[in-house]
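Geometric and topological summary
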Amino acid sequence: MMNNLQDWPEPIIRVQSLSDSGLPMIPDRYVKPLSDRPSSNRPENGEANIPIIDLTGLTDDETELSRSTMDRISSACRDWGFFQVVNHGVSPRLMDQARETWRSFFHLPMEIKQAYANSPKTYEGYGSRLGIEKGAILDWSDYYYLHYLPLTLKDYNKWPGSPDYCREVIDEYGKELVKLGGRIMKVLSIDLGLNESHLQNAFGGENIGACLRVNFYPKCPQPDLTLGLSSHSDPGGLTILLPDHEVPGLQVRKDGQWITVKPARHAFIVNIGDQIQVLSNANYKSVEHRVIVNSGMERVSLAFFYNPKSDIPIKPVQELVSADKPALYPPMTFDEYRLFIRLNGPKDHIEFDPSLVIVILGLDCWLYMTKFDWIKLGFRLIKYENFGFGSFVA
Ligand code: OGA
Ligand code: NI
């Protein structure tokens, strides 16, 4: 198997250092092609926002949400792939503490942060790029990535040792978010017409994966030319995002437009990742999103990824497959899927041969595919070619 994941192809430059140096123009490496820039194409509908859903009644023991709340969750997952939750059971104090602890980390002197510099082998630690393509156009952000689960991957030495209490706060936050993720999984299972533990079991029950990516978006002198995070869909199961409480930036694609999320106070932003799109046989959508930056204020966000156990094959749930709606995706483990994305970076389009798709999946499947599915399948097919075509049947 190819493995050139040991190191980055070029010296790493911290975006925060570039920003702090006060340069008036961003280096060419960060300038996006015209079609990807924030203001490209259509004017935005300023009023629109992703649905806001009140989870009062959803506890670890009971799932007592009203019919109308369930309906709102259902259409959010099907039409938006995104929603905000309030009264979700995580303490507002812990949310603020987690975000501000991380903000303090990013404001520590560079020598301290560099001790946690990451490599493309595991991505754990302090990073400034995704993917190892030499000469790639980069995003205007730094990040920190760490594992909570499984316990075999949890390693305090790879978590920041300062500021004080950092590890305790991260630990407590992770514990609460794993619980919230489990509660949301139940609601989604019920909405899909399944037993409430169905999705959780498909994820491996207790043996799920959970990791945190903290994004730091420094001020940018030319925000119209670049992005804080390029358009992507999240490869994992479910993402629970704690956004900056003061600075918007996340944009979600809806009917071809980019909608800027207006965060509600002490809300989390929840979105469906690729693995749940697959399990739901595309009843739910893993929707593309991106982050814009600005010249006045830095932005911090905590993306918590609730993922399947990494070596279980993920495929459409049998109950959601029928003659009318055949399985749209071949089985694939999250390990396999993630490796491909790590090699190639968070690209949202990729070249592949459509005739191959029809031959392998059959015409029925092809007819059901949206452009977005094509992109995802492109990932899969290319990956299968790379690893020997083997054994999948649609
Ligand atoms: C991510 C992500 C959005 C944000 O980390 O995958 O989409 O607002 N973050 O930082
Ligand atoms: Ni994302």
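Details of the structure are given in the entry above.
Because the structure is predicted, anything quoted here is derived from the model rather than measured. (Residues numbered from 1 in each chain as written. Chains lettered and ligands numbered in written order. Predicted model: local features only at pLDDT ≥ 70, side-chain atom pairs only at ≥ 80, totals over all residues. Heavy atoms only, no water.)

In this structure, Pro150 follows Leu149 across a cis peptide bond, with omega equal to 0 degrees. With an omega of 5 degrees, the peptide bond between Ser162 and Pro163 qualifies as cis. If you trace the backbone, Pro163 turns up in the loop between strand E4 (142-149) and helix H5 (166-191). The phi dihedral of Tyr123 is positive, around 70 degrees, even though this residue is not glycine. Looking at Tyr123, the relative accessible area reads 3%, which means it is buried. (Helix = DSSP H or I, 4+ residues; strand = E, 2+ residues; numbered from the N terminus. Buried < 20%, exposed > 50% of the residue type's maximum accessible area, 1.4 Å probe, protein only.)

Taking burial as the measure, the 5 residues of strand E10 (residues 268-272) include 5 buried ones, the bulk of the element. Where burial is concerned, the two faces of E10 agree: the one with Phe268, Val270 and Ile272 and the one with Ile269 and Asn271 are both buried. Here strand E2 (residues 82-86) runs beside E10; their pairing, made up of 4 bridges, is antiparallel. Pairing of Phe82 across the sheet is with Asn271, part of E10. Bridge count for strand E7 (residues 238-242) against E10 is 4 bridges, and the pairing is antiparallel. Residue pairing across strands places Thr239 opposite Asn271, the latter belonging to E10. (Pairing = 2+ DSSP bridges.)

Let us look at the packing of helix H3 (residues 92-106) against H5. Two packed helices can be described by the angle between their axes and the distance between those axes. At a minimum axis distance of 10 Å, the contact between H3 and H5 shows a crossing angle of 135 degrees. It follows from the interaxial angle that H3 and H5 lie oblique. The hand of the H3/H5 crossing is left-handed. Together, Leu94, Gln97, Ala98, Thr101 and Trp102 of H3 and Cys166, Val169, Ile170, Glu172, Tyr173 and Glu176 of H5 make up the contact between the two elements. (Axes fitted to C-alpha atoms, helices over the stretch in contact; angles between N-to-C directions. Parallel < 35°, antiparallel > 145°, perpendicular 65-115°, else oblique. Left-handed = near helix turned anticlockwise from the far one by under 90°. Contact = heavy atoms within 4.5 Å.)

Turning our eyes to something else, we now look at the site of ligand 1. Asn215, Tyr217, His289, Arg299 and Ser301 are the nearest of the 14 residues found near ligand 1. Tyr217 places a side-chain nitrogen or oxygen 2.6 Å from an oxygen atom of ligand 1. Contacts to ligand 1 include Asp234, whose side-chain N or O atom sits 3.2 Å from an oxygen atom. Relative to its free-state accessible area of 290 Å², ligand 1 is covered by the protein chains to the extent of 97%. Counting residues per element, the ones that place at least two in the shell around ligand 1 are strand E5 (209-217), strand E6 (229-232), strand E11 (289-291) and strand E12 (299-307). Here the element with the most residues in the shell around ligand 1 is E12; it accounts for 4 residues. Looking at side-chain class alone, the shell around ligand 1 contains 7 nonpolar, 4 polar and 3 charged residues. (Near = heavy atom within 4 Å. Polar contact = N/O pair within 3.5 Å; in protein donor to acceptor, adjacent residues only side chain to side chain. Areas by Shrake-Rupley, 256 points an atom, 1.4 Å probe, with all protein chains shown as cover. Nonpolar A, V, L, I, M, F, W, Y, C, P; charged D, E, K, R; others polar.)

Next up on the list: the coordination of the nickel ion (ligand 2). Ideal coordination angles are 109.5 degrees for a metal with four donors arranged tetrahedrally and 90 or 180 degrees for a metal with six donors arranged octahedrally. In this structure, His232 (NE2), Asp234 (OD) and His289 (NE2) serve as the protein donors to the nickel ion (ligand 2), at separations of 2.1 to 2.2 Å. For Asp234, a relative accessible area of 5% corresponds to the buried category. (Donors = N, O, S within 2.8 Å, 3.2 Å for Na, K, Ca; no water.)

With that settled, the discussion passes to the sheet that holds E5. Picture the strands of a sheet paired through backbone hydrogen bonds; they go either parallel or antiparallel. Strand order in this open sheet of 8 strands is E1-E2-E10-E7-E12-E5-E4-E3, and the pairing throughout is mixed. At either end of the open sheet lies a strand with only one pairing partner, and these are strand E1 (52-54) and strand E3 (125-127). Direction aside, neighbouring strands of the sheet carry axes that sit 25 degrees apart on average. Sheet analysis places E4 next to E5, joined by 7 bridges and oriented antiparallel. Note on E5: the bridge partner recorded for Tyr143 is Asn215. On top of the sheet, H3 reaches E3, E4, E5, E7, E10 and E12; it is set at about 130 degrees to E4, its chief contact.

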